[in-house]
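As a plain string of letters, each chain reads:
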Amino acid sequence: PEEFKDYFPRIILYGIEGNKAFYEMEHYDLPTLRRLMLAGEIDEKEVLYWSNKITELSRRLYQHQILPTPENYFNVMHFTRLSNRLEELSKKSDFFKDLIQQETVIVNGKEYKNISVLAERFKTQKFLQTVQPEFVGRWSHSDLHFSNVLIDRVNDKFIMIDPRGYDYCDYYYDYGKFWHSVNGKYEMIASRQFELDGSNFKLFDNDVFKLCEDLKKSLPQVLYDHSSEDPVDVMRKTEWNEVMHFASLVPFLLDFDGVDARSKVAYYTSVILINEFCDKYEIN
């Protein structure tokens, strides 16, 4: 839609053949939010400023054309995606093929239930009613983590790159992406800011970690401001989307170097997150 075009990259070349397509985007000499955070060039106040602007725009996108929520919405957006990604992970790595099949996983010396075991608990109607989105919209970005937004400080603008292009989505999906950048510290894992020894890992105790910890306290208010729902519901739905996102992103961090440190830390983080969520909300 015309009112949103300036927030997305301009397509300068594309091609379509059968069910495949490619496109090239105009280059923007701008940093991402992730880049600014990793370089220590942005503080908590400014991250919140941009997060508020981005979330406001995202909400307007979703509201531009509201659709009836499909009956198979959770299967399409979450459960099938998770199943496919874990299958992909198993095919690409013998280590993960064995790990995914285990009932429990030891992380940092503590035993946790594995991802697939706990994900099954989410499929009851009783639980799904607690994470039902406020509404589903036709237009969205649907991949709004901090490395997918370019920041133009000079012109007080931002560009959202790499949109997912789903037929429908809900704003908690985007909230979950923001939250997994801050709470799960996806940006630190993706940029190798950790130590790994077997199934023990530790994120670096640096300025990025401290910034994320501060944002965990302040970012929720931005999310509350752009939702009509109760803060308790906002956080439960945001945290659940984070859990499902994190468990689905592991294949993207495979390095195929015989170590795959990033994907291992991402998987272990996913295990911790899904266990913490089930404990917090008593998902038995």
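In case you missed it, the structure is sitting above this.
Residues numbered from 1 in each chain as written. Predicted model: local features only at pLDDT ≥ 70, side-chain atom pairs only at ≥ 80, totals over all residues. Heavy atoms only, no water.

Asker: Would you take a moment to explain the pattern of salt bridges for this structure?
Answerer: It is possible for side chains bearing opposite charge to pair when their charged atoms get close. For the structure shown, the criterion picks out 19 salt bridges. Residue Glu88 is joined to Lys92 by a salt bridge in which the shortest nitrogen-to-oxygen separation is 2.7 Å. Of this pair, Glu88 and Lys92 both sit in helix H3 (residues 73-92), four residues apart, which is roughly one turn of that helix. Of the charged contacts in the structure, one is a salt bridge between Asp255 and Arg192, with a shortest N-O distance of 3.2 Å. Taken together, the residues span a long stretch of sequence, with Asp255 in the loop between helix H10 (231-249) and helix H11 (261-280) and Arg192 in the loop between helix H8 (186-190) and strand S9 (194-197) at a distance of 63 residues. A residue is classified by how much of its surface remains accessible, and Arg192, at 44% relative accessible area, is partly exposed. (Salt bridge = Lys/Arg side-chain N within 4 Å of Asp/Glu carboxyl O. Helix = DSSP H or I, 4+ residues; strand = E, 2+ residues; numbered from the N terminus. Buried < 20%, exposed > 50% of the residue type's maximum accessible area, 1.4 Å probe, protein only.)

Asker: I tried to follow helix H7 (residues 171-182) on my own but got confused; where do I start?
Answerer: Helical geometry note: an α-helix holds 3.6 residues per turn, so side chains three or four residues apart project in the same direction. Relative to the 16 Å expected for twelve residues at 1.5 Å per residue, H7 spans 17 Å between its end C-alpha atoms, a close match to the ideal helical length. With twelve of its twelve residues buried, H7 lies for the most part within the structure. Every buried residue of H7 is listed here: Tyr171, Tyr172, Tyr173, Asp174, Tyr175, Gly176, Lys177, Phe178, Trp179, His180, Ser181 and Val182. Tucked inside the fold, the buried residues of H7 contact helix H2 (44-64), H3, H8, helix H9 (207-225) and H10. The N-cap residue of H7 is Asp170: its side-chain oxygen and the backbone nitrogen of Tyr172 are 2.9 Å apart. (Expected span 1.5 Å × (residues − 1). Contact = heavy atoms within 4.5 Å. Polar contact = N/O pair within 3.5 Å; in protein donor to acceptor, adjacent residues only side chain to side chain.)

Asker: I keep staring at unusual backbone geometry and nothing clicks. Help me out?
Answerer: Only a minority of non-glycine residues have a phi that is not negative, and only a minority of peptide bonds are not trans. Look at Ser142: it is not a glycine, yet its phi comes out positive at around 70°. By the secondary structure assignment, Ser142 is in the loop between strand S6 (136-137) and strand S7 (149-152). A residue is classified by how much of its surface remains accessible, and Ser142, at 0% relative accessible area, is buried. Of note, the phi angle at Asp162 is positive, near 60°, even though the residue is not glycine. Along the polypeptide, Asp162 turns up in the loop between strand S8 (157-160) and H7. A residue is classified by how much of its surface remains accessible, and Asp162, at 37% relative accessible area, is partly exposed.

Asker: Teacher, can you tell me more about the nonpolar core here?
Answerer: Core analysis: the biggest nonpolar cluster contains 88 residues, and Phe122, Trp240 and Tyr267 have the highest contact counts within it. Other than its neighbours up to four places away in sequence, Trp240 contacts Phe74, His78, Phe79, Phe122, Phe127, Val131 and Phe277. (Core = buried A, V, L, I, M, F, W, Y, C linked by side-chain atoms within 4.5 Å.)

Asker: How should the packing of H7 against H10 be read in this particular structure?
Answerer: Helices that pack against each other are described as a pair by the angle of their axes relative to one another and the distance between those axes. Closest axis-to-axis distance for the H7/H10 pair is 7 Å, and the angle between their directions is 70°. By the angle class used here, H7 and H10 are roughly perpendicular. Classified by chirality, the crossing of H10 by H7 is right-handed. Mapping the contact onto sequence places Tyr172, Tyr173, Tyr175, Gly176, Lys177, Trp179 and His180 in H7 and Val234, Met235, Lys237, Thr238, Glu239, Asn241, Glu242, His245, Phe246 and Leu249 in H10. When grouped by side-chain class, the residues that make up the contact of H7 with H10 number eight nonpolar, five polar and four charged. (Axes fitted to C-alpha atoms, helices over the stretch in contact; angles between N-to-C directions. Parallel < 35°, antiparallel > 145°, perpendicular 65-115°, else oblique. Left-handed = near helix turned anticlockwise from the far one by under 90°. Nonpolar A, V, L, I, M, F, W, Y, C, P; charged D, E, K, R; others polar.)

Asker: Where do I start with the side chain of Arg262 in this structure?
Answerer: Tracing the chain through its elements places Arg262 in helix H11. With a relative accessible area of 14%, Arg262 lands in the buried category. Residues within four places of Arg262 in sequence aside, it is in contact with Ile189, Ala190, Arg192, Phe194, Phe252, Leu253 and Asp255.

Asker: Looking at this structure, how should I read the pairing of strand S2 (residues 20-25)?
Answerer: Each regular strand shows side chains that alternate between the opposite faces of the sheet. Relative to S2, strand S1 (residues 11-17) is paired through six bridges, and the arrangement is antiparallel. Bridging from a neighbouring strand, Ile11 pairs with Met25 of S2. Hairpin connection, S1 to S2: the antiparallel pair is bridged by two residues, and Gly18 has positive phi, about 65°. (Pairing = 2+ DSSP bridges.)

Asker: Whenever I open this one, the packing of aromatic side chains confuses me. Can you help?
Answerer: By convention here, two paired aromatic rings are described through the distance between centres and the angle between planes. Enumeration over the complete set of coordinates arrives at 21 aromatic pairs. A centroid spacing of 5.2 Å and a plane angle of 75° characterise the contact between Tyr49 and Trp50, whose relative ring orientation is edge-to-face. Positioned above the aromatic ring of Trp139 is the side chain of Arg138, whose terminal nitrogen or guanidinium carbon lies 4.8 Å from the ring centre. (Phe/Tyr/Trp six-rings, centres within 6.5 Å; stacked < 30°, edge-to-face > 60°. Lys NZ or Arg CZ within 6 Å of the ring centre and 35° of its normal.)

Asker: What's the story with the environment of Asn284 in this structure? I'm lost.
Answerer: Mapping Asn284 onto the fold places it in the segment after H11. Taking relative accessible area as the criterion, Asn284 reaches 81% and is therefore assigned exposed. Remark: the alpha-carbon pair of Asn284 and Met25, spanning 259 residues in sequence, is separated by 46 Å.

Asker: Hey, could you run me through the side chain of Ser263 in this one?
Answerer: Secondary-structure assignment places Ser263 in helix H11. Judged by relative accessible area, which is 0%, Ser263 ranks as buried. Sequence-distant contacts of Ser263, defined by excluding residues within four places in its chain, comprise Phe96, Val250, Leu253 and Leu254.

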